[in-house]
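Coordinate inspection notes
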Amino acid sequence: MALHGGKQADYGGGGRLGGGNYGRGGSGLGRRRRRARYFLTGSFLTAEIGSNPSFVWRSIFEARDLVAAGVRKSVGAGLSVSILSDPCLAEMDHHFIESTHPGLIGKTVSSLMRIDERAWDVEILEDFFETRDRLAILSIPLSSSIHEDAWYWSFEKSGLYTVKSAYRYLDDLKNGFSTDNSAGFWKKIWALNIPPKVRNFIWRAASNVLPTCAQLVTRHVPISGICQLCNSSNETIFHALVGCSFARSCWHRSCVDIGSWLEMAFSAWWSNLSHRVSEHMLEEAAMVAWGIWRARNDVVWNQKSSNAAGVVLSARRTLDQYQIAQSSKNDCLLFFRGDETVVEHWKPPNFNQIKGDVVLETDSLVCVQAILSSLSTPSQFGLIVSDCKFLLTRLSFVSVCFVKRSSNRAAHYMVRASCFSTGRTIQEGFLSPELVAIALADFSV
């Protein structure tokens, strides 16, 4: 199958990032002069220092590696995003396409979409890309309302450049750490309000000293490095705690949005998670990871199998019991705990205070704030928000509001349960014992 054509924009331009045009290197006469002299046929990211460079250019060039490390390109229509030359993969350590099919040379991302439709052409992806790249491309969101491709800063959730994020990145490099191994990274682990043995476990996992099969093989222990739960992949620390099919089932049943499933260092995954979720969610993530490891050890050493629901329930119960013991105020818990008293319950919205006849409730405060804000961001998250705003302008009778996850546990449970159903749908009459218990607790008030 051949890649279809399309109107191709001038590569190297487009997209402002915190006040600077990184594709072209600035604006005005100074930009045109620098472009003509130092990167006439490319962009700032591919420029060289050149012979007899000016002091201004040397100063600008010093920041090129920093800019290249942090910038990514979000896909609108894809007309100016080069398939092989632009960093458009957001959730990976290496942000470039690695497939080397000759048919990809000189092509833009727009040629990977269906004709006259903002959707990926799966047949083309299967023909031209390796599995790693194909899955990464399919994970890139495509906006139906945004048509311009744009540069964004990947070290900030907003996609906008900040000096603080750049300084943090450079400081980590200076101290010989990656972002996931900085002093703040370790302090955040030891500050978690979880049992000491779980803190120690997360520290060992992030330090890459957890005795998984793959780790033992590197220590010349004569065993197989294959995971004994799924029997399909090497049992690295990341695979054992996140990537394994059993681990995925546990995470789907938890309240934690763990992000990418793609293989990476566990420390990098944990660092990314700690920047995306609240402290409470990070504590639950630590407990779930510890529960997964215990279940794995039961299989390996005791030939005792566990189920995902039991692992998550046990992790939450242990966390609840520990935090109650540590708290002198006996604060109410955010998760359902059997027949114990639950303070927070779902309540119908007050339609006298809300415009519209339909109310969409979500436990993501960041999403609600982004949708209600008049500002737009160039990141991939911003593209999804723009589509949501566009849909809401067509649905004047719909309002969006924030509710705590602990106040709407039934909805959260059903969404998580749908992940295991064909088409991600819940059949009418679906009433598991857990859902019944949650609903009865809500209606008992």
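Residues numbered from 1 in each chain as written. Predicted model: local features only at pLDDT ≥ 70, side-chain atom pairs only at ≥ 80, totals over all residues. Heavy atoms only, no water.

Structural notes on the pattern of salt bridges
Where we set the bar: Salt bridges are defined by distance alone: a side-chain nitrogen of Lys or Arg within 4 Å of a carboxyl oxygen of Asp or Glu. By definition, any uninterrupted DSSP run of H or I lasting at least four residues is a helix, any uninterrupted run of E lasting at least two residues is a strand, and each is numbered from the N terminus.
Counted by the stated rule, this structure contains eight salt bridges. Between Arg276 and Asp257 there is a salt bridge, with the nearest N and O atoms lying 3.8 Å from each other. Of this pair, Arg276 sits in helix 12 (residues 266–276) while Asp257 is found in the loop between helix 11 (245–253) and helix 12, placing the two residues 19 residues apart along the sequence. Here the residues in one salt-bridge network are Glu98, Arg132 and Asp133, joined through shared partners.

Structural notes on the confidence of the model for the protein
Our working definition: Predictor confidence is given residue by residue as pLDDT, running from a minimum of 0 to a maximum of 100. Residue contacts follow a heavy-atom distance rule, with two residues in contact if any of their heavy atoms lie within 4.5 Å.
On average, residues of the protein score 79 in pLDDT, and 78% of them reach the 70 mark or higher. A low-confidence stretch, residues 6–26 (pLDDT under 50), is modelled with 51 contacts involving residues beyond four sequence positions or located in other chains.

Overview of the packing of helix 12 against helix 13 (residues 279–302)
For the record, the criterion: Fitted lines through C-alpha atoms give the axes, limited to the stretch in contact for helices. The angle between two N-to-C directions lies from 0 to 180 degrees. By definition in this entry, angles of less than 35 degrees are roughly parallel, angles greater than 145 are roughly antiparallel, angles of 65 to 115 are roughly perpendicular, and the rest are oblique. Crossing handedness follows the turn of the near helix against the far one: under a right angle anticlockwise gives a left-handed crossing, and clockwise gives a right-handed one. Gly falls in the polar group here, along with every residue not listed as nonpolar (Ala, Val, Leu, Ile, Met, Phe, Trp, Tyr, Cys, Pro) or charged (Asp, Glu, Lys, Arg).
Between helix 12 and helix 13, whose axes approach to 8 Å, the crossing angle comes to 150°. Judged on the interaxial angle alone, helix 13 and helix 12 are roughly antiparallel. Classified by chirality, the crossing of helix 13 by helix 12 is right-handed. Mapping the contact onto sequence places Trp270, Leu273 and Ser274 in helix 12 and Leu282, Ala285 and Ala286 in helix 13. For the contact of helix 12 with helix 13, the per-class residue count stands at five nonpolar, one polar and no charged.

Focus on empty space enclosed by the protein
So the rule is basically this: Using only the protein atoms, space was sampled on a 1 Å grid; points where a 1.4 Å probe fits but cannot get out form cavities, open sets with protein on both sides within 12 Å along at least five of seven lines form pockets, and lining residues are those with an atom within 4 Å of a point. Grid points are joined across faces, edges and corners, and a volume is the space filled by probe spheres set on the points.
Counted by the stated rule, this structure contains one cavity of 30 Å³ or more. When its volume is computed, the largest cavity comes out at roughly 50 Å³. What lines the largest cavity is Ile83, Cys88, Ile97, Val109, Leu112, Trp120, Ile137 and Ile140. Taken together, the residues that form the lining of the largest cavity break down as eight nonpolar, no polar and no charged.

Notes on the environment of Thr318
Mapped onto the secondary structure, Thr318 falls in helix 14 (residues 308–326). For the pair Thr318 and Gly291, spaced 27 residues apart in the sequence, the C-alpha separation amounts to 9.8 Å. The contact partners of Thr318, leaving out residues within four places of it in the chain, are Pro195, Met287 and Trp290.

A few points about a nonpolar patch on the surface
For the record, the criterion: Each patch is built from residues lacking any salt bridge and having more than 30% relative accessible area; the joining distance is 9 Å for like charges and 5 Å for nonpolar side chains (Val, Leu, Ile, Met, Phe, Trp, Tyr). The accessible surface values rely on the Shrake-Rupley method and a 1.4 Å probe; as for residues, cover is taken only from the protein chains in view. Each residue is placed in one exposure class: buried if its accessible area under a 1.4 Å probe, protein chains only, is under 20% of its type's maximum, exposed if it is over 50%, and partly exposed if it falls in between.
Nonpolar side chains collect at one region of the surface, where Val358, Leu360, Phe390, Leu391, Leu395 and Phe397 lie side by side and expose about 500 Å² of accessible area between them. Looking at the nonpolar patch, the elements with two or more residues in it are strand 3 (358–362) and helix 16 (380–394). By the secondary structure assignment, Phe390 is in helix 16. Note on Phe390: relative accessible area 37%, which makes it partly exposed.

A few points about the nonpolar core
Which entries qualify depends on this criterion: Nonpolar cores were defined as sets of buried Ala, Val, Leu, Ile, Met, Phe, Trp, Tyr and Cys residues, with membership established by side-chain atoms within 4.5 Å.
The biggest cluster of nonpolar side chains holds 48 residues, and the ones touching the most others in it are Leu241, Trp251, Trp269 and Trp270. Elements that contribute at least two residues to this core include exactly helix 7 (183–190), helix 8 (196–206), helix 10 (237–243), helix 11, helix 12, helix 13 and helix 14. Residues contacting Leu241, with those up to four places away along its chain left out, are Phe201, Ala205, Leu210, Ala247, Trp251, Phe266, Ala289, Ile292 and Trp293. Judged by nonpolar contacts, the second largest core, of 19 residues, contains Val81, Ile83, Trp120 and Phe129.

A word on the packing of aromatic side chains
As a reminder, the rule being used: Stacked, edge-to-face and tilted labels apply to pairs of Phe, Tyr and Trp rings (six-membered ring for Trp) whose centres lie within 6.5 Å, assigned for plane angles under 30 degrees, over 60, and everything in between, in that order.
Tallied over the full model, the rule gives 12 aromatic pairs. Geometrically, the ring pair formed by Phe238 and Trp269 is edge-to-face, given 6.5 Å between the ring centres and 75° between the ring planes. Taken together, the residues Phe238 in helix 10 and Trp269 in helix 12 connect sequence positions 31 residues apart. There is no split in this pair, since Phe238 and Trp269 are both buried. Ring pairing ties together the aromatic residues Phe238, Trp251, Phe266, Trp269 and Trp270, which thus form one cluster.

As for the environment of Gln326
Structurally, Gln326 is set in helix 14. Taking C-alpha positions, Gln326 is 9.6 Å from Ile194, a pair spaced 132 residues apart along the chain.

Concerning the packing of helix 8 against helix 13
Where helix 8 meets helix 13, the axes come as close as 10 Å, and the angle between the chain directions of the two elements is 80°. The orientation of helix 8 with respect to helix 13, classified from their angle, is roughly perpendicular. Residue-level contacts link Lys197, Val198, Phe201 and Ile202 of helix 8 to Ala286, Met287, Ala289, Trp290 and Trp293 of helix 13. The residue makeup of the contact of helix 8 with helix 13, split by class, is eight nonpolar, no polar and one charged.

Here's the deal with the environment of Ser274
Test applied: Residues adjacent in sequence count toward polar contacts only when both atoms are side-chain atoms; beyond that, a polar contact is any pair of N or O atoms within 3.5 Å, and within protein one must be able to donate a hydrogen and the other to accept it.
Assignment of secondary structure puts Ser274 in helix 12. Sequence spacing of Ser274 and Ile258 is 16 residues, and the spatial spacing of their C-alpha atoms is 9.9 Å. Among residues more than four places away in sequence, those in contact with Ser274 are Lys188 and Leu282. Of the polar contacts made by the side chain of Ser274, one reaches the backbone oxygen of Ser271; its length is 2.7 Å.

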